[in-house]
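Observations on chain architecture
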Amino acid sequence: VVRCLPGSPFRKLRNALWRSVGFRVDKTANLISTATLICIDITIGPETFIGDEVMITGGKIQIGARCDLAPRVIVHAGSHEMGTIARRAGKSYAGEVFIGDGTWVGTGAIILAGAKIGKGVLIAAGSVIKAGEYPDNSLLAGVPAQIKLRLDDTARTRNCGS
């Protein structure tokens, strides 16, 4: 149903629909109609933007206020234990992902279970964020992502995110 309500005029209705099925989506968040939320334990903060074809799934996921997730970002908090030779993907489990306030996640980035991302972080397009703690106001880039730069309020990095 959500995908049938395109554009900004339907933002509030889409958010209400997400909330009606158990997601904690702030009334001021803006989820594009092609975004997909799969696990029920998802919190999306005020004034956060979730772009085209973003997928959020797999466990407990908290996205803070004023975050921006560019198109085709994947936030995947689930995984599997290592299985036997008969089936390597063993027992599944739900992990956690935390994305701090004001974070910008560039196009095609992947954020995996166990990632705790601080406030004001910039994640470069195509980066893979694995389990670990990432400090406030940092630029993360690469596969796997590493801290490339410490940011402040005056930083002006162009074309890093989306």
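Below, the structure is looked at part by part. (Residues numbered from 1 in each chain as written. Predicted model: local features only at pLDDT ≥ 70, side-chain atom pairs only at ≥ 80, totals over all residues. Heavy atoms only, no water.)

Points about the nonpolar core
Residues Ile44, Ile56 and Ile111 are the most contacted members of the largest nonpolar core, which totals 33 residues. Listing elements by their share of this core, those giving two or more residues are strand S4 (42-44), strand S7 (60-63), strand S12 (96-99) and strand S15 (115-117). Leave out the neighbours within four places in its chain, and Ile56 touches Thr36, Leu37, Ile38, Cys39, Ile42, Ile44, Ile50, Ile61, Ile63 and Val75. (Core = buried A, V, L, I, M, F, W, Y, C linked by side-chain atoms within 4.5 Å. Buried < 20%, exposed > 50% of the residue type's maximum accessible area, 1.4 Å probe, protein only. Helix = DSSP H or I, 4+ residues; strand = E, 2+ residues; numbered from the N terminus. Contact = heavy atoms within 4.5 Å.)

A word on the sheet that holds S12
Taken in spatial order, the six strands of this open sheet run S1-S4-S7-S12-S15-S18, and their pairing is parallel. Only two strands of the sheet have a single partner each, and these edge strands are strand S1 (24-25) and strand S18 (132-134). Sheet topology places S4 next to S7; three bridges connect them, and they run parallel. Residue pairing across strands places Ile44 opposite Ile63, the latter belonging to S7. (Pairing = 2+ DSSP bridges.)

Function cannot be inferred from these measures alone, as they are strictly geometric.
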